[in-house]
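Analysis of the macromolecular model
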Amino acid sequence: MSRKLFGTDGIRGPVGQHPITPDLVLRLGHAVGRVLKRQESSPVVLIGKDTRISGYMLESALESGLNSAGVSVLLLGPVPTPAVAYLTRAQRASLGVVISASHNAFSDNGIKFFSAQGTKLPDEWERAVEAVMAEAPQWVDSAALGRARRMDDAAGRYIEFCKGTFSSHLSLRGLKIVVDAAHGAAYQIAPQVFHELGAEVVTIGCAPDGLNINDGVGATHPEALARKVVEQGAHYGIALDGDADRLQMVDASGRLFNGDELLYLLAADRLAHRQTKGQPRGPKLAGVVGTLMTNMAVELGIQRLGYEFVRAKVGDRYVLEELHKRGWILGGEGSGHLLTLDRHSTGDGLVSALQVLRACTASGRTVAEQLTEVELFPQTLVNVRLQPGQDWQQNARLKDETRAVESELGDQGRVLIRASGTEPLLRVMVEARDAAQAKACAERLAATLKT
């Protein structure tokens, strides 16, 4: 049975439209509660959210649905998505829920889930929830209703967890860092983490009003961060997205480093660290997982380090699945979702930033100096908005043009066309050694869908 509600990263859409309506979210909470009650008698669910104004409404609906099925709830307030994953595991909770639409505008929202181990849940679990939603509700009687309470120190617990992933014998003293939290879930937490590790911190994107999340700031709009870093004479800039599970970095010159480059840096640092310690690589360091979008230069660079490189489907959940299947620890995608499974069970923008800064502090080399071996191939990504019912896979013009572009590129580039899992967009990507060629080819492909 295919899933109707769940996409590649939970449920997401415009607030007030199906499926992001309070009545559906109440039913969703009730269905999730019933699925949990099949597995244990007294389940507890943690709920966190980002800073969108709609989070209050959806939190109340979700809480009510869970309580109506006899499930108790622990409310965390605004915290990053990876904080929910960590606290679910630390609190021995049955499930963690995040109310967030990640990098989308405030008018969207979404809901995603974490297992008791702090990992993404499989498709089978999502299908089970959808099956229960199709049934009539089964309200428990008053004595069996779930309860709700707030965890007042959720942010503080997560701050200590993040700091614990940074080497205890190192500090960030002497570094000036600009932190951009996208007016999102990490607006209080991120500055405090870097400050408590010794850095001088300058903030932008840390004043949410419920409507400004991801608005011209954060990992999807790093231009504001680059300007601020140069203006302040800072060493680095850290850009997170609305729920703080992805990372982009900027250096003192204003140069932007994306997730592909940072993934290579982390792989090189792990290898250098183990060589310094005289430790064998072991199966967990045998390879790195990227995605279909990972830049070819990064793939070649990682292979030069002696690692195997494997591509998963786009989406951090698929990178995670591939890592678990192979028993590896490092993976990620260019958007900034980075996985270091010896530090956290899920992608975490703050933890990833700390791993990059640890590598810089320990080696005495800047990010740019550690990436001299990797020069990214030019990529052009064009997002084409799909109309309702538009079947791009049966578009004959697109098929013909794709074959023509692939023939033109030969082994000096590649084409990737895929539908977004979170928005009504078709992503057309062309990679080539020549930037002008990549741009021209991508625009040719996109044009077949616009006329």
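Our subject is the structure that appears above.
These lines cover the structure that appears in this document, whether it is placed above or below. (Residues numbered from 1 in each chain as written. Predicted model: local features only at pLDDT ≥ 70, side-chain atom pairs only at ≥ 80, totals over all residues. Heavy atoms only, no water.)

**What to know about helix H7 (residues 223-232)**
Residues of H7 that are buried include every one of Ala224, Leu225, Ala226 and Val229, and no others. Here the buried face of H7 lies against strand E7 (176-180), strand E8 (200-204), strand E9 (236-240) and strand E10 (247-251). Taken from the residues just after H7, glycine 233 is the one with a positive phi, measuring 65 degrees. (Buried < 20%, exposed > 50% of the residue type's maximum accessible area, 1.4 Å probe, protein only. Helix = DSSP H or I, 4+ residues; strand = E, 2+ residues; numbered from the N terminus. Contact = heavy atoms within 4.5 Å.)

**Overview of the nonpolar core**
Ranked by size, the top nonpolar core spans 71 residues in total, and within it Leu172, Ile177, Phe194, Leu350 and Val367 carry the most contacts. Among the elements that make up this core, the one with the highest residue count is helix H11 (residues 349-363) (eight residues). The residues contacting valine 367, other than those within four sequence positions of it, are Tyr236, Phe257, Leu262, Leu265, Val356 and Cys360. Judged by nonpolar contacts, the second largest core, of 30 residues, contains Ile20, Ile47, Val73 and Phe113. (Core = buried A, V, L, I, M, F, W, Y, C linked by side-chain atoms within 4.5 Å.)

**Remarks on the pattern of salt bridges**
Overall, the coordinates contain 29 salt bridges when judged by the stated rule. Residue arginine 52 pairs with aspartate 50 through a salt bridge whose shortest N-O separation is 2.7 Å. On the accessibility criterion, aspartate 50 (2% relative accessible area) is buried. Shared partners join several salt bridges into a network, and the residues in it are Glu308, Glu322, Lys325 and Arg326. (Salt bridge = Lys/Arg side-chain N within 4 Å of Asp/Glu carboxyl O.)

**Digging into the packing of helix H13 (residues 396-409) against helix H14 (residues 435-450)**
Running from N to C, H13 and H14 cross one another at 170 degrees; their axes reach a closest spacing of 8 Å. Relative to H14, the element H13 is oriented roughly antiparallel. Read as a crossing pair, H13 and H14 show a hand that is right-handed. Contacts between H13 and H14 involve Arg397, Leu398, Glu401, Thr402, Ala404, Val405, Glu408 and Leu409 on the former and, on the latter, Gln437, Cys441, Arg444, Leu445, Ala447, Thr448 and Leu449. (Axes fitted to C-alpha atoms, helices over the stretch in contact; angles between N-to-C directions. Parallel < 35°, antiparallel > 145°, perpendicular 65-115°, else oblique. Left-handed = near helix turned anticlockwise from the far one by under 90°.)

**Focus on helix H2 (residues 54-68)**
Taking 1.5 Å of rise per residue, 15 residues should cover 21 Å, and H2 covers 21 Å from first to last C-alpha, within 8% of that figure. Counting buried positions over the 15 residues of H2 gives eleven, a clear majority of the element. Residues of H2 that are buried: Ser54, Gly55, Leu58, Glu59, Ala61, Leu62, Glu63, Gly65, Leu66, Asn67 and Ser68. Contacts from the buried residues of H2 go to helix H1 (22-39), strand E2 (44-49), strand E3 (72-78), strand E4 (95-99), strand E5 (108-114) and strand E6 (148-150). Glycine 70 occupies a position one or two residues after H2 and carries a positive phi of about 90 degrees. (Expected span 1.5 Å × (residues − 1).)

**Points about the sheet that holds E2**
Reading across the sheet, the six strands line up as E1-E5-E4-E2-E3-E6 and stay open at both edges, with mixed pairing between neighbours. Lying at the two open borders of the sheet, with one neighbouring strand each, are strand E1 (11-14) and E6. This sheet shows a mean twist of 20 degrees between the axes of neighbouring strands, independent of strand direction. Across the sheet, H2 is in contact with E2, E3, E4, E5 and E6; its angle to E2 comes to roughly 170 degrees. (Pairing = 2+ DSSP bridges.)

**Regarding the sheet that holds E7**
Here five strands make up an open sheet; going across it, the order is E8-E7-E9-E10-E11 and the pairing mixed. Either end of the sheet is taken by a strand with one partner, and the two such strands are E8 and strand E11 (256-257). As paired strands, E9 and E10 are joined by five bridges and run antiparallel to one another. Residue alanine 239 lies in a different strand from E10, and its bridge partner there is glutamine 248.

**Description of the packing of aromatic side chains**
Scanning the model with the defined rule gives four aromatic pairs in all. Between tyrosine 86 and phenylalanine 161 the ring centres are 4.2 Å apart and the planes differ by 20 degrees, which places this aromatic pair in the stacked class. Of this pair, tyrosine 86 sits in helix H3 (residues 81-90) while phenylalanine 161 sits in helix H5 (residues 154-164); the two residues are 75 residues apart in sequence, bridging distant segments of the chain. Tyrosine 86 sits in the buried class, given a relative accessible area of 18%. In this structure an aromatic cluster arises from ring pairing among Phe6, Phe113 and Trp125. For the cation-ring pair, lysine 49 lies above tyrosine 56, with the distance from its terminal atom to the ring centre recorded as 3.9 Å. Stacked on the ring of tyrosine 318, the Lys or Arg arginine 317 has its end atom at 5.8 Å from the ring centre. (Phe/Tyr/Trp six-rings, centres within 6.5 Å; stacked < 30°, edge-to-face > 60°. Lys NZ or Arg CZ within 6 Å of the ring centre and 35° of its normal.)

**Things to note about the side chain of histidine 30**
Of note, histidine 30 is situated in helix H1. Relative accessible area serves as the criterion here: at 4%, histidine 30 is assigned to the buried category. Here glutamine 138 takes part through its backbone nitrogen, which lies 3.0 Å from a polar atom of the side chain of histidine 30. Contact partners of histidine 30, with chain neighbours within four places excluded, come to Gly65, Leu66, Ser68, Ala69, Pro137, Gln138 and Trp139. (Polar contact = N/O pair within 3.5 Å; in protein donor to acceptor, adjacent residues only side chain to side chain.)

**A word on a nonpolar patch on the surface**
Residues Ile53, Tyr56, Phe106 and Leu211 make up a contiguous nonpolar surface patch of roughly 410 Å² in combined accessible area. Examined against the element boundaries, leucine 211 turns out to sit in the loop between E8 and H7. (Patch = residues over 30% accessible without salt bridge, like charges linked within 9 Å, V, L, I, M, F, W, Y side chains within 5 Å. Areas by Shrake-Rupley, 256 points an atom, 1.4 Å probe, with all protein chains shown as cover.)

**Looking at unusual backbone geometry**
In this structure, the amide linkage connecting histidine 18 to the following residue, proline 19, adopts the cis form with an omega of 10 degrees. With respect to the secondary-structure elements, proline 19 resides in the loop between E1 and H1. Here arginine 92, not a glycine, exhibits a phi torsion of approximately 55 degrees, which is positive. Turning to its location among the elements, arginine 92 is positioned in the loop between H3 and E4. Here the phi dihedral of serine 102 falls at roughly 55 degrees; this positive angle occurs in a residue that is not glycine.

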